[in-house]
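A structural walkthrough
Okay, here's what each chain looks like letter by letter:
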Amino acid sequence: MSTDFQSARVVLGARLRELRTEAGLDGKGIAERLGWQRSKVSRLESGKQTPSAADLALWADAVGRPDLAGELKGRLAGLETQYRSWRRQLAGGHRARQELGIVETAATQTIRGLEVARIPGLFQTAPYARATFEANAEFRQVPRDIEESVRARIRRQGSLYESGRRFRFLVWEGALYVLTCPREVMAAQLDRLVSLIGLDTIELGIIPLGAQLRRAPTHGFWIYDQRLVIVETLGTEMWLDDEDTIQLYGRAWDWLAEAAVHGQQARRIIGRARASFDHG
């Protein structure tokens, strides 16, 4: 977890503890007043657990300061601006997040991305995207607005053909073999990937499995101009916009780009993967 995020959560916890103390309550007392386990109070105050907005409103009432609920929720919003839980983002299904992707892409001239286990969303076919959304909806147990989400993802791809934009993507060769969809869908997806090579707005690099690397491709990320990095984890999606972090991810992208192959070499590697789905 980000040190910045954890530090901010500790500060929020300290504020909760301060309000409790001012109200003359000990940990046991506020836990009883709230109907919570004492351990939850401890985790919130020590910054080991992120409170919900409802938790903060209840806390403000419990310490006799309902007027401070807005301040506490504002502090929480500051955390969630960077760390957006998938549970909340996908509460109504996938479409809203896909629409947000359209907005961010429209506001960006150059996107640099790395994917290590899947095909970048901007390059996905509708059947591959559909399989991805279906599996994710089942895994996260969120509403299945599959077709609306697929349409939004494909609509976002219109930006690939807009003059002046740049899409510089690195894909780890292993991602070409990760089979999260039917074999024929993956085969068609790899055909689509090959068809994008040579488009003047797209720079697609494949990082070969045996390439000499200065840094391992540990996880995927997308860099939007020099203003934003988006990183997905299992539980959250991080939107990071501080200069140091953007530079760090930019350096990671540059180091991995050194090992990537393009053009005809990239076509050959994708073709080899494509053939494996014909003969497997």
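Structural data are supplied above this passage.
Residues numbered from 1 in each chain as written. Predicted model: local features only at pLDDT ≥ 70, side-chain atom pairs only at ≥ 80, totals over all residues. Heavy atoms only, no water.

**Some thoughts on the overall build of the chain**
Counting its secondary structure elements, the chain contains 12 helices and 7 strands. Seen along its three principal axes, the alpha-carbon backbone of the chain occupies a region of about 70 × 35 × 35 Å. In the chain, which comprises 280 residues, the share counted as buried stands at 47%. A sequence separation of at least 24 residues applies to 76% of the contacts in the chain between residues at least 6 apart. Of the roughly 13600 Å² of accessible surface on the chain, a fraction of 51% belongs to carbon and sulfur atoms. Counting 40 positive and 35 negative side-chain charges, the chain places the centres of these two groups 2 Å from one another. (Helix = DSSP H or I, 4+ residues; strand = E, 2+ residues; numbered from the N terminus. Buried < 20%, exposed > 50% of the residue type's maximum accessible area, 1.4 Å probe, protein only. Contact = heavy atoms within 4.5 Å. Areas by Shrake-Rupley, 256 points an atom, 1.4 Å probe, with all protein chains shown as cover. Lys, Arg positive; Asp, Glu negative; His and termini not counted. Charge placed at Lys NZ, Arg CZ, Asp CG, Glu CD.)

**Section: the nonpolar core**
Core analysis: the largest hydrophobic core is formed by 40 residues, its most contacted members being Ile30, Trp59, Ile207, Phe221 and Val229. With 5 residues, the top contributor of residues to this core is helix 11 (residues 243-257). Contacts of Ile207, omitting those with residues within four sequence positions, involve Leu114, Leu170, Val171, Trp172, Glu173, Leu213, Leu256, Ala259 and Ala260. (Core = buried A, V, L, I, M, F, W, Y, C linked by side-chain atoms within 4.5 Å.)

**What to know about the layout of surface pockets**
Of the volumes computed, that of the largest pocket is approximately 950 Å³. If one sorts the elements of the lining of the largest pocket by residue count, helix 8 (residues 126-140) sits on top with 8 residues. Classifying every residue of the lining of the largest pocket by side-chain character gives 19 nonpolar, 10 polar and 8 charged. (1 Å grid on protein atoms, 1.4 Å probe; cavity = no way out; pocket = protein on both sides within 12 Å on 5 of 7 lines; lining within 4 Å. Points joined across faces, edges and corners; volume = space filled by probe spheres on them. Nonpolar A, V, L, I, M, F, W, Y, C, P; charged D, E, K, R; others polar.)

**Focus on the sheet that holds strand 2 (residues 110-115)**
The strand order 1-7-6-5-2-3-4 describes an open sheet built from 7 strands, whose pairing is mixed. Edge strands, defined here as strands with exactly one partner in the open sheet, are strand 1 (83-85) and strand 4 (202-207). Each neighbouring strand pair of the sheet contributes to a mean axis angle of 15 degrees, computed without reference to strand direction. Across 6 bridges, strand 3 (residues 166-172) lies against strand 4 in parallel orientation. If you follow Phe169 over to strand 4, its bridge partner there is Leu204. (Pairing = 2+ DSSP bridges. Axes fitted to C-alpha atoms, helices over the stretch in contact; angles between N-to-C directions.)

**Regarding the pairing of strand 6 (residues 228-232)**
A regular strand carries its side chains on alternate faces of the sheet. Of all 5 residues making up strand 6, 4 are buried, and the element is well covered by its neighbours. Summarising the sheet, strand 5 (residues 221-224) and strand 6 pair through 3 bridges and their orientation is antiparallel. The residue of strand 6 that forms the bridge with Tyr224 is Leu228. Hairpin connection from strand 5 to strand 6: 3 residues lie between these consecutive antiparallel strands, with Asp225 at a positive phi of about 50 degrees. Taken together, the 4 bridges between strand 6 and strand 7 (residues 236-240) define a ladder with antiparallel strand orientation. Within the sheet, the bridge partner assigned to Val231 lies in strand 7 and is Met238. Two successive antiparallel strands, strand 6 and strand 7, enclose a turn made up of 3 residues.

**A closer look at the pattern of salt bridges**
Within this structure, the stated rule accounts for 21 salt bridges. The salt bridge partner of Glu115 is Arg118, with a shortest N-O separation of 3.3 Å. When salt bridges that share partners are traced, they join Arg15, Glu18, Glu71 and Arg75 into one network. (Salt bridge = Lys/Arg side-chain N within 4 Å of Asp/Glu carboxyl O.)

**A few points about the side chain of Asp145**
Assignment of secondary structure puts Asp145 in the loop between helix 8 and helix 9 (146-156). Among all residues touching Asp145, those that are not within four sequence positions of it are Gly92, Gly93, His94 and Arg95.

**Observations concerning the pairing of strand 5**
Burial along strand 5 is two-sided: Phe221 and Ile223 facing one way and Trp222 and Tyr224 facing the other are all buried. Here strand 2 pairs with strand 5 via 4 bridges, running antiparallel. Paired with Arg112 across the bridge in strand 5 is Ile223.

**Some words on the environment of Ile223**
Looking at where Ile223 falls in the secondary structure, it is placed in strand 5. When the C-alpha atoms of Ile223 and Leu114 are compared, they prove to be 9.0 Å apart, with 109 residues separating the residues in sequence. Setting aside residues up to four positions removed in sequence, Ile223 forms contacts with Thr110, Ile111, Arg112, Leu228, Val229, Tyr249, Gly250 and Trp253.

**Quick word on the packing of helix 2 (residues 27-34) against helix 4 (residues 53-62)**
Packing of helix 2 against helix 4 leaves a shortest axis separation of 10 Å and a crossing angle of 115 degrees. Between helix 2 and helix 4, the angle is such that the two are roughly perpendicular. Here the hand of the crossing between helix 2 and helix 4 comes out right-handed. Packed against helix 2, whose contacting residues are Ile30, Arg33 and Leu34, the element helix 4 presents Leu58, Trp59 and Ala62 at the interface. In the contact of helix 2 with helix 4, the residues fall into 5 nonpolar, no polar and 1 charged. (Parallel < 35°, antiparallel > 145°, perpendicular 65-115°, else oblique. Left-handed = near helix turned anticlockwise from the far one by under 90°.)

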